[in-house]
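Spelled out from the first residue to the last, the chains are:
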Amino acid sequence: MLLQTTGILLIAVSPDDPLLVSLRAHLTELFWGPVFSFVGLCACIVATIRRRSEFRVLLWFGVFIGMYGVRILADAATTFGLAPQSLWPNRIGIFIDYFLVVPGTLFWVELTIGKLRRLIQWFAALGTAAGLFGVTWSAVSRQSSTFLAFNDIIAIFMLFAIATVVIIPSLSQKYLLIQSRVLRIVLPVIALAALLSQIPGIVYREYAEPVAFASWVLALGYVAVQRTFANERRLLTIESELETARQIQLSSLPEHVPALAGLSIAAGYYPMSAVAGDFYQFIEMEDQRVGVLVADVSGHGVPAALIAAMLKTAVQSIVPSAESPRDVLRSLNRMLSGQRQDQFVTAAYLFIDAVNRKARYSAAGHPPLLLSRAGTLLHIESNGLVLGVAPDPDYPVRDIELCIGDRLLLYTDGVIEPENAKGRLFGDSKLEQVVLGAQMCPPSELTDRLLTEIRAWQPPSMAQQDDITLIVIDVV
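About the thresholds
Residues numbered from 1 in each chain as written. Predicted model: local features only at pLDDT ≥ 70, side-chain atom pairs only at ≥ 80, totals over all residues. Heavy atoms only, no water. Pairing = 2+ DSSP bridges. Helix = DSSP H or I, 4+ residues; strand = E, 2+ residues; numbered from the N terminus. Axes fitted to C-alpha atoms, helices over the stretch in contact; angles between N-to-C directions. Contact = heavy atoms within 4.5 Å. Buried < 20%, exposed > 50% of the residue type's maximum accessible area, 1.4 Å probe, protein only. Disulfide = S-S within 2.5 Å. pLDDT = per-residue confidence, 0-100. Parallel < 35°, antiparallel > 145°, perpendicular 65-115°, else oblique. Left-handed = near helix turned anticlockwise from the far one by under 90°. Nonpolar A, V, L, I, M, F, W, Y, C, P; charged D, E, K, R; others polar. Lys, Arg positive; Asp, Glu negative; His and termini not counted. Salt bridge = Lys/Arg side-chain N within 4 Å of Asp/Glu carboxyl O. Polar contact = N/O pair within 3.5 Å; in protein donor to acceptor, adjacent residues only side chain to side chain. Phe/Tyr/Trp six-rings, centres within 6.5 Å; stacked < 30°, edge-to-face > 60°.

Some thoughts on the sheet that holds strand β12 (residues 407–411)
The strand order across the open sheet formed by 5 strands is β3-β13-β12-β8-β9, and the pairing between neighbours is antiparallel. Of all the strands in the sheet, the pair left with one neighbour each is β3 (263–270) and β9 (376–380). Looking at each pair of strands side by side, their axes are set apart by 15 degrees on average, direction ignored. With 3 bridges joining them, strand β8 (residues 369–373) and β12 adopt antiparallel strand pairing. Counterpart to L370 in the pairing with β12 is L409. Along the sheet, helix α13 (residues 427–437) contacts β8, β9 and β12; its crossing angle with β9, the most-contacted strand, is approximately 130 degrees.

What about the pairing of β3?
With 6 of its 8 residues buried, β3 lies for the most part within the structure. Looking at chain direction, β3 and strand β13 (residues 468–475) are connected through 8 bridges and run antiparallel. The partner of A267 across the bridge, within β13, is I471.

Brief notes about the state of the cysteines
Tallying each qualifying case throughout the model produces 0 disulfides. Not engaged in a disulfide, the cysteine C42 finds its nearest cysteine sulfur in C44; these two sulfurs lie 9.4 Å apart. Exposure remark for C42: the relative accessible area of 30% places this residue in the partly exposed category.

Quick notes on the environment of N90
Topologically, N90 is positioned in helix α4 (residues 88–99). Assessed through its relative accessible area of 44%, N90 is described here as partly exposed. Here the alpha-carbon distance between N90 and A77, two residues 13 residues apart in the chain, equals 8.7 Å.

Re helix α5 (residues 101–109)
Within α5, 8 of the 9 residues are buried, which leaves the element mostly enclosed by the surrounding structure. Within the sequence span of α5, burial applies to V101, V102, P103, G104, T105, F107, W108 and V109.

Some points on the confidence of the model for the chain
Chain-level statistics for the chain give a pLDDT mean of 80 and a share of 79% at 70 or above. The least confident element of the chain is strand β1 (residues 2–5), whose mean pLDDT is 50; the most confident is β12, at 95.

Focus: the packing of α4 against helix α6 (residues 114–141)
Two elements in contact, α4 and α6, have axes separated by 8 Å at closest approach and are oriented at 155 degrees. The orientation of α4 relative to α6 falls into the category roughly antiparallel. As for the relative orientation of α4 and α6, their crossing is right-handed in sense. Two secondary-structure elements touch here, α4 through I94, F95, Y98 and F99 and α6 through G127, T128, A130, G131, L132, G134, V135 and S138. Its residues assigned to classes, the contact of α4 with α6 shows 7 nonpolar, 5 polar and no charged.

Things to note about unusual backbone geometry
In this model, Q288 sits at a positive phi of 55 degrees, which is unusual for a non-glycine residue. Note on placement: Q288 falls in the loop between β4 (278–285) and β5 (289–297). Positive phi outside glycine occurs at A374, with the angle close to 55 degrees. Relative to the helices and strands, A374 is located in the loop between β8 and β9.

What about the pairing of β12?
When you tally the buried positions in β12, you get 5 out of 5 residues, the bulk of the element. Of the two faces of β12, the one carrying R407, L409 and Y411 and the one carrying L408 and L410 are both buried.

Here we look at the side chain of D278
Looking at the element boundaries, D278 is found in strand β4. For the buried D278, no salt bridge exists, and the shortest N-O distance to an oppositely charged side chain is 13 Å, to R455. Polar side-chain contacts of D278 include one of 2.9 Å to the side chain of T412. In this structure the side chain of D278 is engaged in a polar contact, spanning 3.0 Å, whose partner is the side chain of T469.

Section: the pattern of salt bridges
Scanning the entire structure with this criterion turns up 10 salt bridges. The closest approach of N and O atoms between R71 and D97, which form a salt bridge, is 2.8 Å. Separated by 26 residues along the polypeptide, R71 in helix α3 (residues 56–79) and D97 in helix α4 bring together distant segments of the chain. A salt bridge links D474 to R407; the nearest nitrogen and oxygen atoms lie 2.7 Å apart. Placement of D474 in strand β13 and of R407 in strand β12 is noted, with a sequence separation of 67 residues between them. A single network of salt bridges, built from pairs that share partners, joins R326, R330 and D394.

So, the packing of aromatic side chains
The full count for this structure, using the stated rule, is 7 aromatic pairs. Arranged with centres 6.2 Å apart and planes meeting at 50 degrees, the rings of Y269 and Y280 form a pair that is tilted. Residue Y269 is located in strand β3, and its partner Y280 is located in strand β4; the two are separated by 11 residues in the primary sequence. Linked through ring pairs, F61, F107 and W108 together constitute an aromatic cluster.

Regarding the packing of α5 against helix α7 (residues 148–167)
Viewed as axis vectors pointing N to C, α5 and α7 meet at an angle of 20 degrees, and their least axial separation amounts to 11 Å. With respect to their mutual orientation, α5 and α7 come out roughly parallel. Note on packing geometry: the crossing formed by α5 with α7 is left-handed. In this structure, α5 contributes V101, G104, T105 and W108 to the contact, and α7 contributes N151, I154, A155, M158, I162 and V166. Looking at side-chain class alone, the contact of α5 with α7 contains 7 nonpolar, 3 polar and no charged residues.

This is the structure we're talking about:
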């Protein structure tokens, strides 16, 4: 009925109007659909931004609740005829019906360990296979619900297994990564609501499923957030400890380069992470003599850094034999014998007598010493076995006569191994090009230029792949 009053057109709608009746009947779905979709989207965005494996539990939670919310909205679009000419709301509903179990199982994969984790992984695989088969059959036969029972069975068995573990504390401690009293309380409530939703004649039966799912979502959300914050606190603790380790490691490196008449020295140390496996040290002696040690522990991070820390202690014991590269490397080899077999140490040692302009060099599986002289670059190799492999290897020594204007370069393989977008190594040729192109630059500028060239060589999105150490020595 239409009413016209003071220029305002009013439409009177009967309480028995079919549209109002339908809206009242689906009010719960119309409320929860947008809520679940929005919460799921927010959870997925947060997990994507963090980009850490610890946040996968939040990602699968977001996908799970988001899919359920979208299904509610798709059902509402079909019920109210919001897209009468389109089959997509129905297709979306069918797809979600068949695949909703997958993110639900993957959520629990992130929270379980041992046999329960493997069992849930099997549920996820079965759910994926059943979903693919059901969607394909639905598209071919136009019968959408033929195989939905398989997904229901998978979901029921999975929930039964999880509920058993969650409710029994001894099993929960054995198979779950996180303990939650909330789940122990909510799971029986959800089971009761699910049971009521299947019994005809129960008052408010149509609200049982949304209420049960909302309770389930709140419980899972609590667990996901609790797990996420626990991981974040753990990561912050680890980062704090790594920062402390980094400061300790930096304190083990020389505070300054030696100031010797006849030599100009610069050092560059660029770790790829908080702690590194590269190490260098200067052994200063009387009469303008100095020993330079550069070492590289295989691998990265804390294990490599611990072995590098051992070298700091070892250096103190090699001072009496600092004039002999062979004895220095033999002493280091004895101290590192018995280390982990999956890690090895390469090293190079250079002894320089600045007064007499003489040098002695030896290495243990290390990149060669570079000598820039009169526009040419010489590779001086004198290698024995890497440290810690054999009990008493020999380390041959090269004697070098130095001239004014010579430039010596010691480095680790982090200089030559970076790859560009095409997979080509920075390599010896590029290193030679940079070194010869900076002959008139002071040593400190060469170290900066080399690092700049290495970073430019790699794609901008690629992080540093290895620790980098450079020692440049000019004879002046």
